[in-house]
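Structural overview for review
What follows is the residue order along each chain.
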Amino acid sequence: MKNIFFLSLICFATTSIGQNKKPLTHDVYDGWKSVGERMLSNDGKYAVYAINPQEGDGELTIHNLSTQTKKIIVRGYSAVITQDSRYVVFKIKPIFQETRQAKIKKKKPDEMAKDTLAIIELGKDSVIKLPRVKTFKVPEKASGWLAYHIEKPLPDTTKKKPAAIDSNKTKIDMLVKLADSVIKKSIESVKGKIDKEDVIVAAQKAAKEILKNAKDDFDTPLSGGEGGGFKDAEGDDAPGGTTTEGTDLLVRKLADGKEKTFKLVSEYYFDKKATKLLIETTKNSKDSNSKAMVLLYNLQTEKVDTIAKVFNDAKNYAFDEEGKQIAFVAERDSSSKALQKFYKLWYYNATQDSAKLLADKNTEGMKLGNTISENGNISFSKDAKKLFFGVTNIKAPKDTNLVDFELARLDVWHYNDDYLQPQQLKQVDNELKRSYLTVINLDENKLVQLADENVENAQVVNEGNTNFVIGTTSKGNRIQSQWTGRGMQSAYIINTNDGTKKEVFKNIEAFPQASPHGKYVHWYNAVLKNYFVYNVATGVTKNVTAKITVPLYDTENDVPDYPSAAGTTGFTENDQQFLVNDEYDIWQVDPNAIALPINITNGFGRKNKTRYDYVRLDPEKRFINKDETILLRTFNTTTKFAGFANKKINEVSQPTTLTNAAVAYGILIKAKDSDVYLFQRSTPASNELYSTSNFNNATQLTDVAAQQKEYNWYTTELVKWKMLDGKMSEGLLHKPENFDPKKKYPIIFYFYERDADNLYRQANPAPSASTVNIPYFTSNEYLIFDPNIYYKTGEPGQSAYNSIVSAAKHLSKMPWVDSTKMGLQGQSWGGYQTAWLITRTNMFRAAGAGAPVSNMTSAYGGIRWGSGLNRQFQYEKSQSRIGATLWQRQDLYIKNSPLFYADKVNTPLLIMHNDADGAVPWYQGIEYFTALRRLGKKVWMLQYNGEDHNLVERKNRKDLSVRLSQFFDYHLKGAKPAKWIKDGLPATEKGKDWGLKEN
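**Here we look at the overall build of the protein**
- In terms of helices and strands, the protein carries 16 helices and 54 strands.
- Residues classed as buried in the protein amount to 47% of the 999 residues present.
- Here the analysis covers contacts within the protein between residues at least 6 apart in sequence; of these, 55% occur between residues at least 24 apart.
- For the protein, the accessible surface area stands at approximately 48600 Å², while carbon and sulfur atoms represent 50% of it.

Rendered as structure tokens:
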């Protein structure tokens, strides 16, 4: 009896502790921490990771995995461990509150606190700190060196300003004179068309008045001193102005700390193996004879060579793999006012005194009308025999005789345009910068243009070592992307020696890729649901998976389009075998389709409903060795358990399970030279970082879950039920940690499509971008249920009803659910489903719909302003799942549009739709709001100014979080309404009162 009584006391005490935990408030968001950047030293002895609050000062931890000792650096970030596992180099941010106060005081950028560079030798305590650092770099594949770029020196506040500009009055007079000059020049260009004197007088008067009103803001000298310059009408620096110039670069030898300083540096690059450092310097504004230069610093001999000078602009520097060759583009036109500027390709190797001109618009092989592109990527082939770069069409110079205010401003839409005008306008910068891949075979110094207007895309094969590239184009098939969401492709083999093309396939919805060694080109044909391989040597194409009898695609695809492929694992060495995936298992396929496919996981995945996915531990590893044991990520689609397994690639066998548990795994990192792994593992209760060498035993490195111990947290469980159509479904039920089955809870149904696979993922308290925050609402004693939704073509609304209403009916039977206090909330597609459901049922007390489509007939032809794409493809082939045009099945568009049933709505609705929404046209929210308002329904709309589909600005996210909780607290808990709920917020009060207080 004593033991029973004692156990009862323990249970009572535990329950009491749980009951006494605090609910989360909106104040916790800023300080809530999570694991950020993370890495392992190559020898596997150290882990470096950051733990950061959402807003504020984070910390960087250097963790000795052998001794489990830690060194913590407050505000450390952007760390790099050197290749020899000896040093950690990172930045230290300024104190958050100091930066915040500087912004409040409107300090200039140069006056703001800057980052500090820090260096720690692993295993030692001392920290070397170097102030006011802009950037730093260490070599990619070597050690011992560090280069860091210093910010501008702080302004010298002790210097007296030049007498000529010491007063605001003088500054104003100088500005007026400058404005006078600009106006006169502009007037001369339109002489006779307007009254010149009247304009000058009026402009001078206006300028003087404006400048007098703003005189207290002038604190930057116009000439002399250290200020910037004004631009004259021609775009050059006005007299007395300065041009942007470089700052100090310090090159440090890490072993002894010795440094060499380079002045006026604008750019710098190590070669991969740290034999050289390339440095670009700018002109010295105080020396009219100075020139911009490209320097090459030999890190072994410490010799500095000037390899280029006297240029206006140089960019896109590239080393070859061994650091022996350099290429870049530079523009050397004598006049900075030139209307056309022609870049040239420059080349340097150790046998030369300086860089030599390798190619320009007149080089043999360059197509007429083309020139070297300053925007194209430059790279050497891995074997250093080829140089790849971009060429572009010569652009006509701007006509300076045209006057902007006399020119019409319009966009012309044409039915034969490849892309609609909004999409063209979104892509205009990319198109103006478009370049076509070109190669110079360095042994022959022969230029060959590979891509052009007809085959505009080209991808390098086998790191550039093969004698061909893969060219693709969607030209001739682009208009159909308006309703398909994509264009068919044509693919070619393009010879790097002469530019000749061989067709691989024509007009297929596929994306070709080359095998690692370039023997084959492969692609997935979504229409035929099989993989095809083109043999480069023979020119023969084979269906290599035709004899695999199980689906190689997503069998749960429920959009009216071809299902996506399950994916590939890769090629074995020398391109011998092609490894493809079905939904669960991995198959070995002969790329010539001679040998039969082999299921190397022996069907174990399908039998046990477990997916096996290859983990590429080395991002530079391009193929799998024929006898290699590979690591696989596992996921059981029934239990939602996750883990890892080993599999020997040349055996047909069941994979060896290393770990399998009720958890979810994040990104896995492996030490380069050691079998040590770093991963994040989560459950709803925690999300911590671990290290392991065998997966059986993992060491927990972090304890960020400690921050939630004082709060009423949440639990998650998988719920299965029968939908209205008789089929089974599943969803996630989130409960408060102090859940009491004897109480009745309000419940919010949040949904999108299918989230049940995320059973073991943790959500953090955070200000909402658009949806209810699970930890916050459960902590405040709500239940949140997220049901899977299964769709039928033409019936997206009814499909949502089938899933969500059936889930609500199932859960309303539970004694701990208050069926009179159920809510709905969704964003985007979830917002649409919310808006539609309340036209069909009154079982929900309140609903929140973010960015909902309310009228499919008007949304169908609308534009996704973020991309410029037309929305037709979404309805015919994608998420909206109508599967027909508006004129083919007008009835389906109307049936699935909430707007046409607005009179049936009796559920109070909160809409959020922002005026810069780039995905769902803003007018969709307006259409629904105005209809419901006219009908006398209870409806509110939140319109965040200048915000996109999901909120970006943190201040707006915080505001939405408060309003969502106030809205549901009022309707589902009977809380007093905030002013904005009861009375709204008049435009006259905008910026003065946010209406968040109780009325």
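**Side note on a nonpolar patch on the surface**
- Taken together, the side chains of Val527, Leu528 and Tyr562 make up a nonpolar region of the molecular surface, amounting to roughly 270 Å² of accessible area.
- On the secondary structure map, Val527 appears in the loop between strand S30 (520-525) and strand S31 (530-535).
- For Val527, a relative accessible area of 43% gives the class partly exposed.

**As for the environment of Trp32**
- Residue placement: Trp32 occurs in the loop between helix H1 (2-20) and strand S1 (33-40).
- Residue Trp32 is classed as buried on the basis of its relative accessible area, which comes to 4%.
- Distance in space between the C-alpha atoms of Trp32 and Asn52 is 8.0 Å, their sequence separation being 20 residues.
- In this structure Trp32 touches Leu24, Asn52, Pro53, Gln54, Gln707, Gln708, Tyr711, Trp713, Asn764 and Pro765, once residues within four positions along its chain are discounted.

**A look at the pairing of strand S48 (residues 783-787)**
- Buried residues dominate S48, accounting for 5 of its 5 residues.
- Direction of pairing for strand S46 (residues 728-736) relative to S48: antiparallel, over a ladder of 4 bridges. Bridge assignment links Leu733 to a residue of S48, and that residue is Phe785.
- In the sheet, strand S47 (residues 745-750) pairs with S48 via 3 bridges, with the strands oriented parallel. Looking at the pairing, Ile747 lines up with Leu783 of S48.
- A crossover links S47 with its parallel partner S48, the connecting element being helix H8 (residues 774-779), and its sense is right-handed.

**Thoughts on the sheet that holds strand S12 (residues 259-270)**
- Across the sheet, which stays open at both edges, the 7 strands sit in the order S9-S10-S11-S12-S13-S14-S15 with antiparallel pairing between neighbours. Taken across any chain shown, the strands that pair with only one partner, and hence form the sheet edges, are strand S9 (133-137) and strand S15 (304-309). Direction aside, the axes of adjacent strands within the sheet are offset by 40° on average.
- Pairing of strand S14 (residues 293-298) with S15, which is carried by 5 bridges, proceeds in the antiparallel orientation.

**A short note on the sheet that holds S30**
- Spatially, 4 strands are ordered S29-S30-S31-S32 in an open sheet, and the strand pairing comes out antiparallel. Either end of the sheet is taken by a strand with one partner, and the two such strands are strand S29 (513-514) and strand S32 (541-543).
- As judged from the 3 bridges shared by S31 and S32, these two strands associate in the antiparallel manner. Note on S32: the bridge partner recorded for Phe532 is Asn543.

**Some remarks on the nonpolar core**
- One finds Ile747, Phe749, Phe785, Ile804, Leu824, Leu909 and Tyr928 to be the most contacted residues of the largest nonpolar core, which totals 52 residues.
- Among the elements that line this core, the one with the most residues is helix H9 (residues 796-812), at 7 residues.
- Membership of the second largest hydrophobic core comes to 30 residues, among which are Met912, Leu942, Tyr944 and Phe968.

**Digging into the packing of aromatic side chains**
- Under the counting rule described, the total for this entry stands at 35 aromatic pairs.
- Summarising the aromatic geometry, the rings of Trp523 and Phe532 are spaced 6.3 Å apart at their centres and angled 10° between planes, so their arrangement reads as stacked. Each of the two residues, Trp523 as well as Phe532, counts as buried.
- Judged by centre distance (4.6 Å) and plane angle (15°), the rings of Phe571 and Phe578 are stacked. Phe578 matches Phe571 in its accessibility class, with the two residues each being buried.
- Aromatic rings pair up to connect Phe644, Tyr665, Tyr677, Phe679, Tyr690 and Phe695 into one cluster.
- Here Lys260 stacks its cationic end above the ring of Phe262, 5.6 Å away from the centre of that ring.

**A look at the pairing of strand S28 (residues 501-508)**
- When strand S27 (residues 489-495) meets S28, the two strands line up antiparallel, connected through 5 bridges. Of the residues in S28, the one forming a bridge with Ile494 is Lys501.
- Linking two consecutive strands that pair antiparallel, namely S27 and S28, is a turn of 5 residues; a positive phi of about 80° is found at Gly499 within it.

**Quick word on the side chain of Asn914**
- Here Asn914 shows up in the loop between strand S53 (909-912) and helix H14 (923-934).
- Its relative accessible area of 1% is what places Asn914 among the buried residues.
- Among the polar contacts listed, one links the side chain of Asn914 to the backbone oxygen of Asp948, at a separation of 2.8 Å.
- In contact with Asn914, other than residues within four places in its own chain, are Trp922, Leu942, Gln943, Tyr944, Glu947, Asp948, His949 and Leu951.

**With respect to H9**
- Taking 1.5 Å per residue, 17 residues should reach 24 Å; H9 reaches 24 Å between its end C-alpha atoms and fits that length.
- For H9, the buried fraction is high: 13 of the 17 residues fall into the buried class.

**Quick notes on the environment of Gln888**
- Structurally, Gln888 is set in the loop between helix H12 (872-876) and helix H13 (890-895).
- A distance of 2.9 Å separates the side chain of Gln888 from the backbone nitrogen of Thr885, its partner in a polar contact.

**A closer look at the packing of H9 against helix H10 (residues 829-837)**
- One way to put it is that H9 packs onto H10 with a least axis distance of 9 Å and a crossing angle of 85°. Of the possible angle classes, the one that applies to H9 and H10 is roughly perpendicular. Contacts between H9 and H10 involve Pro796, Gly797, Gln798, Ala800, Tyr801, Ile804 and Val805 from the former and Trp829, Tyr832, Gln833, Trp836 and Leu837 from the latter.
- For the contact of H9 with H10, a count of residues per class yields 9 nonpolar, 3 polar and no charged.

**Comments concerning the pattern of salt bridges**
- Across all of its chains, the model carries 44 salt bridges by this definition.
- Its salt-bridge partner being Glu321, residue Lys272 comes within 3.1 Å of it at the nearest N-O pair. Pair noted here: Lys272 is in the loop between S12 and strand S13 (276-281) and Glu321 is in the loop between strand S16 (313-319) and strand S17 (325-331), with a separation of 49 residues, a long-range link.
- Judged by its relative accessible area of 28%, Lys272 falls in the partly exposed class.
- Each of Glu556, Asp558, Glu753, Arg754 and Arg881 takes part in salt bridges that share partners, so that together they form one network.

Thresholds, definitions, all that
Residues numbered from 1 in each chain as written. Predicted model: local features only at pLDDT ≥ 70, side-chain atom pairs only at ≥ 80, totals over all residues. Heavy atoms only, no water. Helix = DSSP H or I, 4+ residues; strand = E, 2+ residues; numbered from the N terminus. Buried < 20%, exposed > 50% of the residue type's maximum accessible area, 1.4 Å probe, protein only. Contact = heavy atoms within 4.5 Å. Areas by Shrake-Rupley, 256 points an atom, 1.4 Å probe, with all protein chains shown as cover. Patch = residues over 30% accessible without salt bridge, like charges linked within 9 Å, V, L, I, M, F, W, Y side chains within 5 Å. Salt bridge = Lys/Arg side-chain N within 4 Å of Asp/Glu carboxyl O. Pairing = 2+ DSSP bridges. Right-handed = clockwise from strand over helix to strand, strands pointing away. Axes fitted to C-alpha atoms, helices over the stretch in contact; angles between N-to-C directions. Core = buried A, V, L, I, M, F, W, Y, C linked by side-chain atoms within 4.5 Å. Phe/Tyr/Trp six-rings, centres within 6.5 Å; stacked < 30°, edge-to-face > 60°. Lys NZ or Arg CZ within 6 Å of the ring centre and 35° of its normal. Polar contact = N/O pair within 3.5 Å; in protein donor to acceptor, adjacent residues only side chain to side chain. Expected span 1.5 Å × (residues − 1). Parallel < 35°, antiparallel > 145°, perpendicular 65-115°, else oblique. Nonpolar A, V, L, I, M, F, W, Y, C, P; charged D, E, K, R; others polar.

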